[in-house]
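Results of the structural survey
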Amino acid sequence: MTLHAPPGLPLPSRVPTIAAMTPLPDSPKLSPTDETPAQTEVKRIGACLVCGEETTKLCSKCLGAGHELFFCSPEHQKLIWRDHHRVCGRPLVPDSRPWLSKLEALEAVANMDVPRRLPHGKIASLIEFLNEAGCATRFIVTHIYRLTEGHEHPYDSYTSHAALVDIRMLELRRRCPAGDLNEVLGTIDTFQLTNELLYQLWPCMPTNKVWYPGANHRLVIFLSLLRQFRAGNPSVSLEFCRNAYKQIEVFLASPAAKMLSAERDVFLDGLHAYIDPETLVIRLPLCDYTPEGCMAAEFKERIGRWRRAVAAK
Ligand SMILES: [Zn+2]
Ligand SMILES: [Zn+2]
Ligand SMILES: [Zn+2]
């Protein structure tokens, strides 16, 4: 049994003993990370999502999909491109959840027999978790590869979303056994972190809302900058990170977001609770790591507030 790494990627250092290992498909359809993203000039003025400077230039592909993401220069657009290119030009619905990167897929496969602490006091490996979800062990590798970028797989919104959420949730818990995201921030995949934040900020995933993918895009840009800042990239300052955070709030308050003020309050409450606006320290506890225990009660409270906010419309 051999695991084939796609070109340019190392083989994982360990490979679990599991039958029916198939090679990772290699037919990339996404823009490569070294591509220069295109910019379009418009008559409107917006703040650069990186530095905050006023500009009339925005991401061309995202504009075509209905997202106005302003960048003052190709340099600032490139600064977040390694993460943004995975969701660049995604239409408003479904939301901006990208396929697994090849590295994410390889790591998930290489570590699928590793037990991890899951919500509600459970301990399970990826194999055990997927078995319980109805996926037989011999199909797990194929299942993961089908959710990987470059694979010929039609977008199946519910199944794919649920599976992506689950795999990223499990991988984050393997990478962060102590539960402090600040410690691993420079090394985890941005979308594993985005996944966790969105799950806890907005558990019911309102993909039909105009503001949701717009907020998603800005959250990805903010987390991409924060990760790079924590990883020591000298081109990314704390001011850039603070600006990107502020731009999420600015967008949610704009008419373009078409967001109810009560919904906005609930969302911003969560955002401020999970990421300190001043220090940018992440205070998002992984489920069952909070001093008070499981976060299920807080989830319920948040969903209740969202339902009441919508009902009060
Ligand atoms: Zn800028
Ligand atoms: Zn874009
Ligand atoms: Zn829980």
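These notes cover the structure that comes with them. For clarity, every value in this text was computed on a predicted model and none was experimentally measured. (Residues numbered from 1 in each chain as written. Chains lettered and ligands numbered in written order. Predicted model: local features only at pLDDT ≥ 70, side-chain atom pairs only at ≥ 80, totals over all residues. Heavy atoms only, no water.)

So, the coordination of the zinc ion (ligand 2)
Taken together, the protein donors to the zinc ion (ligand 2) comprise Cys59 (SG), Cys62 (SG), His84 (NE2) and Cys88 (SG), at separations of 2.1 to 2.4 Å. Coordination at the zinc ion (ligand 2) is tetrahedral, judged from the 4 donor atoms that bind it and the angles of 98 to 120° they form at the metal. Sequence spacing among the residues donating to the zinc ion (ligand 2) works out to C-x2-C-x21-H-x3-C. Separated by 29 residues along the polypeptide, Cys59 in strand β2 (residues 54-59) and Cys88 in the loop between α3 (81-84) and α4 (102-110) bring together distant segments of the chain. A relative accessible area of 1% places Cys59 in the buried class. (Donors = N, O, S within 2.8 Å, 3.2 Å for Na, K, Ca; no water. Tetrahedral: all angles 85-135°; square planar, octahedral: opposite > 155°, others 65-115°. Helix = DSSP H or I, 4+ residues; strand = E, 2+ residues; numbered from the N terminus. Buried < 20%, exposed > 50% of the residue type's maximum accessible area, 1.4 Å probe, protein only.)

Section: the pattern of salt bridges
Under the counting rule described, the total for this entry stands at 12 salt bridges. Of the charged contacts, one joins Glu107 and Arg175 as a salt bridge, the two residues approaching to 3.0 Å between their closest N and O atoms. You can see Glu107 sitting in helix α4 and its partner Arg175 sitting in helix α7 (residues 157-175), a full 68 residues away along the chain. The partly exposed category is assigned to Arg175, whose relative accessible area is 23%. A salt bridge links Asp276 to Arg283; the shortest N-O distance between them is 2.9 Å. Through salt bridges with shared partners, a single ionic network connects Arg86, Glu104, Arg168 and Asp189. (Salt bridge = Lys/Arg side-chain N within 4 Å of Asp/Glu carboxyl O.)

With respect to the nonpolar core
Judged by nonpolar contacts, the single largest core of 50 residues is most densely connected at Phe71, Leu181, Trp211, Phe222, Leu225, Leu252 and Ile282. Sort the elements by how many residues they give to this core and helix α10 (residues 211-230) lands first, with 9 residues. Each of domain 2 (36-84) and domain 3 (179-313) contributes no fewer than three residues to this core. Core analysis: the second largest hydrophobic core is formed by 23 residues, Ala105, Leu130, Val141 and Ala163 among them. (Core = buried A, V, L, I, M, F, W, Y, C linked by side-chain atoms within 4.5 Å. Domains from an automatic or database assignment.)

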